[in-house]
Amino acid sequence: MSPSSKHHRSTPTKMIYALWLTFDQAGNVRLNRESPRLSPDERAMRVEVRLPKALWNIPELSAEITVPDPGQPGAIAARIEQFADQLKTAVGCDVVLTVKPTEEPR
């Protein structure tokens, strides 16, 4: 692993960030890179964030939406599932797309 800075490091596939979250009794939260100075009503938690380098790739995506006859709503759902699978492969994360009927105009 090559150290990039004091607060993050890199592997061939990931960026790893070291951070601190500080919470107080009033419900406030702050984020620090360094170990924070705490007042008596605060507590801190060290957090390590691991992000795939694929997040920085900008995929070229396209979609085709075909609206079938109203009696065949399954065709839209099948196309959306295929698109979600392609998007997951390109971006590297789960994508949830759903088809919902629209509300009737009043």
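Right above here is the structure, for reference.
The structure contained in this document is the topic of the report that follows. What you see is a predicted model; the values in this text were computed from it and never measured. (Residues numbered from 1 in each chain as written. Predicted model: local features only at pLDDT ≥ 70, side-chain atom pairs only at ≥ 80, totals over all residues. Heavy atoms only, no water.)

Attention now moves to the overall build of the protein chain. When its secondary structure is counted, the protein chain shows 1 helix and 5 strands. Taken from the N to the C terminus, the helices and strands of the protein chain come in the order β-β-β-β-β-α. Taken across its 106 residues, the protein chain has 13% of its residues classed as buried. Contacts in the protein chain between residues at least 24 apart in sequence constitute 38% of all its contacts with a sequence separation of at least 6. By element, 55% of the accessible surface of the protein chain is carried by carbon and sulfur atoms, the whole surface being about 8900 Å². (Helix = DSSP H or I, 4+ residues; strand = E, 2+ residues; numbered from the N terminus. Buried < 20%, exposed > 50% of the residue type's maximum accessible area, 1.4 Å probe, protein only. Contact = heavy atoms within 4.5 Å. Areas by Shrake-Rupley, 256 points an atom, 1.4 Å probe, with all protein chains shown as cover.)

In this section: the side chain of D24. With respect to the element layout, D24 can be found in strand β3 (residues 14-24). For the buried residue D24, which engages in no salt bridge, the nearest side chain bearing the opposite charge is R30, 6.6 Å off. Within the structure, the side chain of D24 is placed 3.0 Å from the backbone nitrogen of A26, a separation counted as a polar contact. From its side chain, D24 meets the backbone nitrogen of G27 in a polar contact 3.0 Å long. Ignoring any residue separated from it by four or fewer positions in sequence, one finds D24 in contact with D41 and E42. (Lys, Arg positive; Asp, Glu negative; His and termini not counted. Salt bridge = Lys/Arg side-chain N within 4 Å of Asp/Glu carboxyl O. Polar contact = N/O pair within 3.5 Å; in protein donor to acceptor, adjacent residues only side chain to side chain.)

Turning our eyes to something else, we now look at the side chain of S10. For S10, the position within the fold is in strand β2 (residues 8-10). A polar side-chain atom of S10 sits 2.8 Å from a polar atom in the side chain of K53.

Let us now look at the environment of C93. Within the secondary structure layout, C93 lies in the segment after α1 (74-91). Sequence separation of C93 and P52 is 41 residues, and the distance between their C-alpha atoms is 9.3 Å.

This paragraph deals with the pattern of salt bridges. In this structure the tally under the stated criterion is 4 salt bridges. As a salt-bridge pair, E48 and R9 come within 3.5 Å of each other at their nearest N and O atoms. Taken together, the positions of E48 in strand β5 (residues 42-52) and R9 in strand β2 put the pair 39 residues apart, joining distant regions of the chain. Judged by its relative accessible area of 31%, E48 falls in the partly exposed class. As a salt-bridge pair, R50 and E48 come within 2.8 Å of each other at their nearest N and O atoms. A network of salt bridges, in which partner residues are shared, links R9, R46, E48 and R50.

What follows is about the environment of P36. In this fold, P36 is placed in the loop between β4 (29-32) and β5. Through-space distance from the C-alpha of P36 to that of T22 is 7.5 Å; in sequence the pair is 14 residues apart. Residues in contact with P36, not counting those within four places in the same chain, are W20, T22, R30 and A44.

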